[in-house]
Amino acid sequence: MYICTTVGKLKEGKLEEVLKAAEILAKATRKQPGNLYYHVYVPDNRKNCFATTEGWECVADFQEHVGHTEDPQDPLHTFNMTVGPASAGEPDIFSGESVL
């Protein structure tokens, strides 16, 4: 299994807008081949942050998911167009193969 967790840092007042876009992305991502789960949450004690954790059957499925971000029809592209202007800095991204 391949796992990716992303923590995004947002400008003041942008969380609700980003969570609405994340809801659309999550619904689309959960239907993609190889997706095992896609969760969006607001971390405790992290003001103006959101996090996603997603699991994939293999790295190739994950790469297919992130491989079309320049396509305006891709849900991840749409999400990135919302998050980009709302971001207060680069996200922290942790990804890799499950070891246990």
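Higher on the page you've got the structure.
This text gives an overview of the structure that appears in the document. All of these numbers come straight from a predicted model, not from anything done at the bench. (Residues numbered from 1 in each chain as written. Predicted model: local features only at pLDDT ≥ 70, side-chain atom pairs only at ≥ 80, totals over all residues. Heavy atoms only, no water.)

Scanning the protein for helices and strands turns up three helices and four strands. When its helices and strands are written in sequence order, the protein yields β-α-β-β-α-α-β. Taken over C-alpha atoms, the radius of gyration comes to 13 Å for the protein, in line with the 13 Å a tight globule of 100 residues would show. Projected onto its principal axes, the C-alpha positions of the protein cover 35 × 35 × 20 Å. The buried share of the protein, taken over its 100 residues, is 37%. About 6200 Å² of surface is accessible on the protein, with carbon and sulfur atoms providing 55% of the total. Charged side chains of the protein number 9 positive and 15 negative; the gap between the two group centres comes to 10 Å. (Helix = DSSP H or I, 4+ residues; strand = E, 2+ residues; numbered from the N terminus. Rg over C-alpha atoms; globule rule 2.2 N^0.38 Å. Buried < 20%, exposed > 50% of the residue type's maximum accessible area, 1.4 Å probe, protein only. Areas by Shrake-Rupley, 256 points an atom, 1.4 Å probe, with all protein chains shown as cover. Lys, Arg positive; Asp, Glu negative; His and termini not counted. Charge placed at Lys NZ, Arg CZ, Asp CG, Glu CD.)

With that out of the way, let us pick up the side chain of asparagine 35. Residue placement: asparagine 35 occurs in strand β2 (residues 35-41). Judged by its relative accessible area of 12%, asparagine 35 falls in the buried class. Within polar-contact distance, the side chain of asparagine 35 engages the backbone oxygen of glycine 55 at 3.5 Å. Beyond its immediate chain neighbours, meaning those up to four positions away, asparagine 35 contacts Thr29, Arg30, Gly55 and Trp56. (Polar contact = N/O pair within 3.5 Å; in protein donor to acceptor, adjacent residues only side chain to side chain. Contact = heavy atoms within 4.5 Å.)

What follows covers unusual backbone geometry. Positive phi outside glycine occurs at asparagine 45, with the angle close to 60°. Among the structural elements, asparagine 45 can be located in the loop between β2 and β3 (49-56). On the basis of relative accessible area, asparagine 45 is assigned to the exposed category, the value being 82%.

Between its first and last C-alpha atoms helix α1 (residues 15-29) spans 20 Å; for 15 residues at 1.5 Å apiece the expected length is 21 Å, and the two agree. Every buried residue belonging to α1 is among Leu15, Val18, Ala21, Ala22, Leu25, Ala26 and Thr29, and all of these are buried. Buried residues along α1 cover an arc of 145° about the axis, so they all sit on one side. Residues of α1 that are exposed and angled more than 90 degrees away from the buried face: Glu16, Lys20 and Ile24. Buried-residue contacts for α1 involve β2, β3, α2 (59-66) and α3 (75-86). (Expected span 1.5 Å × (residues − 1). Arc of directions from axis to C-beta.)

Turning our attention to the sheet that holds β3. In spatial order, the strands read β2-β3-β1-β4; together these four strands make up an open sheet with antiparallel pairing. Lying at the two open borders of the sheet, with one neighbouring strand each, are β2 and β4 (92-97). Neighbour-to-neighbour, the strand axes of the sheet open up by a mean angle of 5°, direction not taken into account. Bridging between strand β1 (residues 2-9) and β4 involves six bridges; their strand directions are antiparallel. (Pairing = 2+ DSSP bridges. Axes fitted to C-alpha atoms, helices over the stretch in contact; angles between N-to-C directions.)

By themselves, these are just geometric observations and shouldn't be taken as functional.
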